[in-house]
Structure formats: C-alpha cells, structure tokens
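Residue-level structural notes
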Amino acid sequence: RHRRGMGARKRGKAKEEEGEEEPKVMEEEEKPVKKLMPSRVALEEMKKKLVTVDHLRAANFEEFDDVDLAGIIQNLEEEVYDMKMKAESKNGNLEDFSNLEYEDWKCPEHSVPIRTDVRTFDFKALGRCMKFDVIMMDPPWQLASSQPTRGVAIGYHQLANQHIANIPVHEVQDEGFIFIWVINARYDWTIEQMKKWGYTFVDEIAWVKMTVNRRLAKNHGYYLQHGKEICVVGYKAKGQEPGAIPPPPEVWKKRGIDVIYGERRGQSQKPEEIYKLIESVLPNGKYLEIFGRRNNLHNGWVTIGNEL
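A short tour of the structure in this document, coming up.

Brief notes about the pattern of salt bridges
On inspection of all chains with the given rule, the structure shows 7 salt bridges. Across the salt bridge formed by Asp 117 and Arg 119, the nearest N and O atoms sit 2.8 Å from each other. Overall, the relative accessible area of 27% leaves Asp 117 in the partly exposed class. Residues Glu 307 and Arg 293 are paired through a salt bridge, measuring 3.0 Å at the closest nitrogen-oxygen approach. Taken together, the residues Glu 307 in the segment after β8 (301-305) and Arg 293 in the loop between β7 (287-290) and β8 connect sequence positions 14 residues apart. Beyond isolated ion pairs, a larger network of salt bridges with shared partners links Asp 138, Lys 209, Glu 229 and Lys 270.

Some points on helix α6 (residues 187-196)
The α-helix advances 3.6 residues per turn, and as a result positions three or four apart in sequence lie on the same side. Turning to α6, its buried residues are Thr 190, Ile 191, Gln 193 and Met 194. Projected down its long axis, α6 shows its buried positions confined to an angular sector of 165 degrees, all on one face. Exposed residues pointing more than 90 degrees away from the buried face of α6 are listed as Asp 188, Lys 195 and Lys 196. Contact partners of the buried residues in α6: α5 (161-165), β3 (176-182), β4 (200-210) and β5 (228-236). Downstream of α6 by a residue or two, Gly 198 has a phi angle that is positive, lying close to 100 degrees.

So, how was this worked out
- Residues numbered from 1 in each chain as written.
- Predicted model: local features only at pLDDT ≥ 70, side-chain atom pairs only at ≥ 80, totals over all residues.
- Heavy atoms only, no water.
- Salt bridge = Lys/Arg side-chain N within 4 Å of Asp/Glu carboxyl O.
- Buried < 20%, exposed > 50% of the residue type's maximum accessible area, 1.4 Å probe, protein only.
- Helix = DSSP H or I, 4+ residues; strand = E, 2+ residues; numbered from the N terminus.
- Arc of directions from axis to C-beta.
- Contact = heavy atoms within 4.5 Å.

Written as structure tokens, this is what we have:
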C-alpha cells in the first residue's frame with residue numbers, strides 16, 4: 001500500500017510538471033447543521049431535572065440538615081410534569097413550551113366552569129337549577145405551623161376553616177355523596193364538619209402518589225414524609241338514622257377500590273382516576289366540584305372556583 005501511494009504521488013507530480021491538472025474530486029455537499037430545536041432543548045431540560053431528582057434521592061438526608069430535599073424533589077418533579085402536560089396539550093408536538101399560553105388551552109366541550117369566589121357564590125340559585133348526586137371538593141386548607149410549607153411554595157390562596165364550614169352544601173344536594181380531600185391536620189375537623197352538613201362518614205380513598213418513573217413519590221411532611229393523600233367520603237340519605245351507616249343507594253353500581261395508584265401531577269392537582277372512580281360507581285349522575293382549577297374541568301361536571 002505504501003509503494004502504491006508513492007507511485008500515485010509521483011504520477012500526480014509528473015502531471016503537474018506537464019501542466020496537466022489533476023482531476024478534482026467532487027466534494028460532498030455540506031450538510032446543514034441541524035440546530036437544536038426548542039423541543040429538544042425542553043427534553044434535555046426534562047432529563048436534567050430527572051437526573052437531579054435521582055441524585056437527590058440517593059443522597060443521605062442527614063447531610064442536609066437545613067435543606068428540605070423532599071420539597072426540592074417535589075418541585076422538580078412537578079416542573080417536569082408541567083412540561084410534559086404542556087407537550088401533550090400540543091397534540092404530541094413538542095414545541096417551545098415557554099410559548100404555550102392560555103389561548104392554546106381548550107375547555108372540555110361538555111364541562112360547565114363557573115369562575116367565582118366560593119365564599120360569595122350564590123349556591124342557592126344553583127340549587128334551584130339542579131341538585132347534585134356527587135359533590136367533590138379540595139379545600140385550600142390554611143396551614144398553621146412555624147414552617148407550614150417546609151420550603152415548598154404554595155401557589156394558591158388559603159382559606160380558614162370557617163370559610164369552608166360556611167359553604168351551604170345543603171342548597172345543592174338533598175341526598176348523595178360528598179368527597180373531600182383532606183390533610184392530616186384537618187382530618188378530624190372534616191369528619192365533624194361532614195356531620196354538621198348532615199353526612200355520615202362511610203369510607204375514605206387513598207391516593208398513593210407515583211413519580212413519572214412509577215416510583216413512590218415522597219412529599220414533605222411534619223413528622224413523616226407523605227406518600228399519599230386522603231379523600232374522605234360521606235353519604236347523606238333521606239330518612240337515615242343519626243349515627244347509622246346507610247346502605248349504598250340503588251344507583252350505586254359496583255364497589256370501587258379505595259386505593260388509587262396515580263402519577264403525581266401539578267401542585268394541588270388531583271389524579272384523573274378519582275373522576276373515573278366516581279363516574280363508575282355512580283354513572284350518569286350530576287357531578288359538582290368545588291374549589292376546582294382549570295386542570296380539573298371534565299365533561300359532565302360543573303366546576304366552581306376562582307382560578308378557572
């Protein structure tokens with residue numbers, strides 16, 4: 001190979017001396033540099049955040065006495081989820097997420113959103129139009145402690161217990177079920193308030209939170225890290241005896257499972273499975289959600305909240 005190479009160089013040199021030009025080798029067309037599109041940038045950001053989460057999970061919590069690692073992890077995962085949801089809302093086309101504005105969002109066609117302050121809303125007027133089989137609410141509980149949020153930013157206004165107690169649920173439901181999402185510090189108060197509203201506590205649903213990688217999502221907590229949320233269930237039936245647990249109504253089609261394994265979503269956003277569960281055990285019902293947000297809107301539901 002070395003001799004052949006030397007010979008080719010000699011022939012080329014001889015042709016140059018004779019004035020003959022060596023045939024030019026056609027150069028390959030330069031391929032345009034593929035720019036990193038915003039979608040790829042967004043994906044890389046998602047990967048970085050997930051890698052950061054994995055590193056934090058592997059860290060020794062005792063080495064970070066003054067740092068709320070659980071809170072940091074929660075915020076990172078929620079940011080990743082928000083990015084993912086914005087991508088899906090673009091019909092799978094991962095465009096520049098930062099440019100996704102509210103005008104790109106579409107309200108479910110058969111949902112009924114009512115944007116209002118729950119504290120001043122005329123529930124009596126709504127009750128004259130319709131009585132509901134199911135009421136679900138996720139109150140913005142007021143947290144009372146020296147470190148109420150444990151380093152995690154709360155992105156909504158909180159209400160005192162009395163504001164929640166003042167909601168006249170009797171105006172929109174004569175009999176039926178109420179589903180209330182509670183925090184540990186308000187569990188006993190909620191059970192008592194349900195009784196004052198005329199409901200009997202009949203069950204509870206546990207939402208076990210999962211990460212985007214289907215791992216157990218550990219949230220901040222006062223004594224222990226929380227990996228679940230609880231939704232208590234009350235039932236009000238006509239003519240029921242005080243303190244007695246009434247049997248399920250005839251419209252109750254089947255017994256659902258009291259545990260939901262669902263991916264943790266944006267802050268205060270509840271799992272999609274809770275709507276499927278309610279609609280499966282009480283099909284073709286009239287459904288009302290109080291303290292709803294834009295991401296809570298569902299077909300067949302009336303949703304009341306000040307952030308719709």
